[in-house]
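# Tertiary structure, described
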2 protein chains.
Amino acid sequence: MTDWPGEPSTTREEMMLATYRALCEYGYAETSIQRIADEFDKSKSLLYYHYEDKEALLADFLRFLLEQLRTGLESIPDDDPTEAMERILDALLPAPMEDEEFQFRKALVEIRSQAPYNDVYREQVARSDETIRAGLAATLERGIEDGVFHPVDPERTATFIYTSMVGATHRAVSLDDPDQVVRDREMLDDYLRESVYREE
Amino acid sequence: MTDWPGEPSTTREEMMLATYRALCEYGYAETSIQRIADEFDKSKSLLYYHYEDKEALLADFLRFLLEQLRTGLESIPDDDPTEAMERILDALLPAPMEDEEFQFRKALVEIRSQAPYNDVYREQVARSDETIRAGLAATLERGIEDGVFHPVDPERTATFIYTSMVGATHRAVSLDDPDQVVRDREMLDDYLRESVYREE
DNA sequence: CGATACTGAATGACCGTTCAATTAGTTCGG
DNA sequence: CCGAACTAATTGAACGGTCATTCAGTATCG
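About the thresholds
Residues numbered from 1 in each chain as written. Chains lettered and ligands numbered in written order. Predicted model: local features only at pLDDT ≥ 70, side-chain atom pairs only at ≥ 80, totals over all residues. Heavy atoms only, no water. Near = heavy atom within 4 Å. Polar contact = N/O pair within 3.5 Å; in protein donor to acceptor, adjacent residues only side chain to side chain. Helix = DSSP H or I, 4+ residues; strand = E, 2+ residues; numbered from the N terminus. Nonpolar A, V, L, I, M, F, W, Y, C, P; charged D, E, K, R; others polar. Phe/Tyr/Trp six-rings, centres within 6.5 Å; stacked < 30°, edge-to-face > 60°. Buried < 20%, exposed > 50% of the residue type's maximum accessible area, 1.4 Å probe, protein only. Least-squares fit on C-alpha atoms with pLDDT ≥ 70 in both. Contact = heavy atoms within 4.5 Å. Axes fitted to C-alpha atoms, helices over the stretch in contact; angles between N-to-C directions. Parallel < 35°, antiparallel > 145°, perpendicular 65-115°, else oblique. Salt bridge = Lys/Arg side-chain N within 4 Å of Asp/Glu carboxyl O. Buried area = accessible area lost by both parts, 1.4 Å probe.

### What to know about the protein's contact with DNA strand D
Residues in close proximity to DNA strand D total 13 residues, the closest being Tyr48(A), Lys54(A), Ser43(B), Ser45(B) and Tyr49(B). Of all DNA strand D atoms lying within 4 Å of any protein atom, the proportion belonging to sugar or phosphate reaches 55%. Contact distances for DNA strand D include 3.1 Å between a phosphate oxygen and a side-chain N or O atom of Lys42(B). Within the side chain of Tyr49(B), one N or O atom sits 2.8 Å away from a phosphate oxygen of DNA strand D. At four residues, the largest contribution of residues to the surface near DNA strand D is made by helix α3 (residues 44-50) of chain B. Here the surface near DNA strand D is composed, by residue class, of four nonpolar, five polar and four charged.

Below, the structure is given as structure tokens:
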């Protein structure tokens, strides 16, 4: 879900792809405008023609990511809540995680770590968090209505699940070990089986 | 537990305190040697007399933090596992979180986000994670032996709890909202009451 | 022809790091 | 006990490099 979709067709998409590549290759902290430009057919100056500054470019990149996230979540059918839950987890906390995906997650964790210092990043992070959390809550609510989930508090449980997902990603990233998410994912599945799903 | 202990008595401690202050004030990404020196009585050059480079200074700072963490954990009495569990959580995921503590957590999250790109940071992060995780596991094991905890898998459960703590911190930090940890802490306590503690 | 897309070279700020020079502290022979 | 010799601690100024950003100018196209 966080890897790249298809060929870029507009200049904006070309810049987004260049940004994506630079982030994967160098991480956020070492991604300079120059390095984004290197992944881009056109020149460095053109980036400044389209964006006021580096922050605006990155902010648009986060906006772009959010669009993709929403599209991805909308594509999950909601008729079977248990199935939907698994689909959301597979999309957002895949275990095992492919190499490029993992590289990109590292950069995303870096960006999230800058969010408290940067209003525009923080706004996008907040929207993205809320999109995921709300998706989980809606699925939980449906499962409870359908009688396939225990009558947990959907909002609080969604928050807890999402927090665990964030923790799993952050921990795997900071240890540079993609396999860490496998174990955390298992524990999360155990929790769902014990406290959310009514039966196996 | 992550705030500052007493007055610095050695030059090393002075440098550690200066680093701590710079990190609290500017965050990791914007903490330059100059800014650490500004929080330091002595000169910028002196930092290079004591440390080979910036990375070595920060690495020693992380080492210093780990020493404090271990001291803090050792001071928790282990006769009552339920009490010990709460003490560990209060120390590492205090809710509510004071302002300075929260500022410092932001910087720590930034440093963790750099760990995948930096061997020496990663080593310290790994040690610190393992110290906490092992402390949780030992407490769980004791509680199970004493019959006050359900017979969960201590290692896996400790990992899950720690992952939730990391997620709670990371999420609160990236939203720049200390109150987020309060809700996550409640959910974690609910989880413990449901799945770990034998009774209220 | 006018506007939009695009370029390469230049600028100034800051950053990590070095170094020659100075001061403070310690050791030790007379 | 004194001061000379030596080591450790400390300093300010300077250097080279990278970075984000600007800008005057060129190409493209409706």
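Following the structure, the description resumes.
### A closer look at the packing of aromatic side chains
Each aromatic ring pair is specified by the distance between its two centres and by the angle formed by the two planes. One pass over the full model with this rule turns up 14 aromatic pairs over all chains. Aromatic pair Tyr28(B) and Tyr121(B): ring centres 6.1 Å apart, planes at 80°, arrangement edge-to-face. Of this pair, Tyr28(B) sits in the loop between α1 (11-26) and α2 (33-38) while Tyr121(B) sits in helix α7 (residues 119-145), placing them 93 residues apart in sequence. On the basis of relative accessibility, which here comes to 4%, the residue Tyr121(B) falls in the buried class. These aromatic residues form a ring-pair network of at least three members: Phe160(A), Tyr191(A), Phe160(B) and Tyr191(B).

### Overview of the protein's contact with DNA strand C
Looking at DNA strand C, there are 13 residues lining it, with Ser43(A), Ser45(A), Tyr49(A), Tyr48(B) and Lys54(B) nearest. The protein-proximal atoms of DNA strand C, defined as those within 4 Å of the protein, are 55% sugar or phosphate. Take Ser45(A): an N or O atom from its side chain is 2.3 Å from a base oxygen of DNA strand C. A distance of 2.9 Å is found between a phosphate oxygen of DNA strand C and a side-chain nitrogen or oxygen belonging to Tyr49(A). Elements that contribute at least two residues to the surface near DNA strand C include exactly α3 (44-50) of chain A together with α3 of chain B. No other element matches the four residues that α3(A) contributes to the surface near DNA strand C. Of the residues assigned to the surface near DNA strand C, the class counts are four nonpolar, five polar and four charged.

### Digging into the relation of the copies chain B and chain A
Rotating chain B by 180° and translating it 0.0 Å along the rotation axis places it on chain A, where the RMSD comes to 0.0 Å. These values place the two chain copies in the arrangement generated by a two-fold rotation axis. Of every C-alpha in chain B, the one belonging to Gly167(B) sits nearest the axis of rotation, 1.7 Å from it. In this assembly, 100% of the residues forming the interface of chain B have copies in chain A that are likewise at the interface, indicating an isologous arrangement.

### Quick word on the packing of α1(B) against helix α4 (residues 54-74) of chain B
All names here are of chain B. It is at 10 Å that the axes of α1 and α4 come closest, and there the two elements cross at 95°. It follows from the interaxial angle that α1 and α4 lie roughly perpendicular. Across the interface between the two elements, Arg12, Glu13, Met16, Thr19, Tyr20 and Leu23 from α1 touch Leu57, Leu58, Asp60, Phe61, Phe64 and Glu67 from α4. By residue class, the composition of the contact of α1 with α4 is seven nonpolar, one polar and four charged.

### Some words on the environment of Glu74(A)
Tracing the chain through its elements places Glu74(A) in helix α4 (residues 54-74). For the pair Glu74(A) and Ser174(A), spaced 100 residues apart in the sequence, the C-alpha separation amounts to 30 Å.

### Examining the pattern of salt bridges
Evaluation of the coordinates by the stated rule reveals 38 salt bridges over all chains. The salt bridge partner of Asp60(A) is Arg12(A), with a shortest N-O separation of 2.9 Å. Residue Asp60(A) is located in helix α4, and its partner Arg12(A) is located in helix α1 (residues 11-26); the two are separated by 48 residues in the primary sequence. For Asp60(A), a relative accessible area of 8% translates into the label buried. Put simply, Arg12(B) and Glu67(B) hold a salt bridge, and the shortest N to O gap is 3.5 Å. In this pair, Arg12(B) sits in helix α1 while Glu67(B) sits in helix α4, placing the two residues 55 residues apart along the sequence. According to the relative accessible area criterion, Glu67(B) is partly exposed, its value standing at 41%. Here the salt bridges do not stand alone but share partners, grouping Arg12(A), Asp60(A), Arg63(A) and Glu67(A) into one network.

### Concerning the interface of chain B and chain A
Between chain B and chain A, the residue contacts involve 41 residues of the former and 41 residues of the latter. Of the roughly 3500 Å² buried between chain B and chain A, counting both surfaces, carbon and sulfur atoms make up 61%. Of the charged contacts in the structure, one is a salt bridge between Asp190(B) and Arg156(A), with a shortest N-O distance of 2.8 Å. Joining chain B to chain A, the criterion identifies 18 residue pairs in polar contact (both at pLDDT 80 or more). Of all elements in the fold, only α6 (99-114), α7, α8 (154-174) and α9 (180-195) of chain B reach the threshold of two or more residues within the side of chain B that touches chain A. In terms of residues, the side of chain B that touches chain A owes the most to one element, α8(B), which gives 14 residues. Its residues placed into classes, the side of chain B that touches chain A shows 18 nonpolar, eleven polar and twelve charged.

Distances and angles like these do not, on their own, reveal function.
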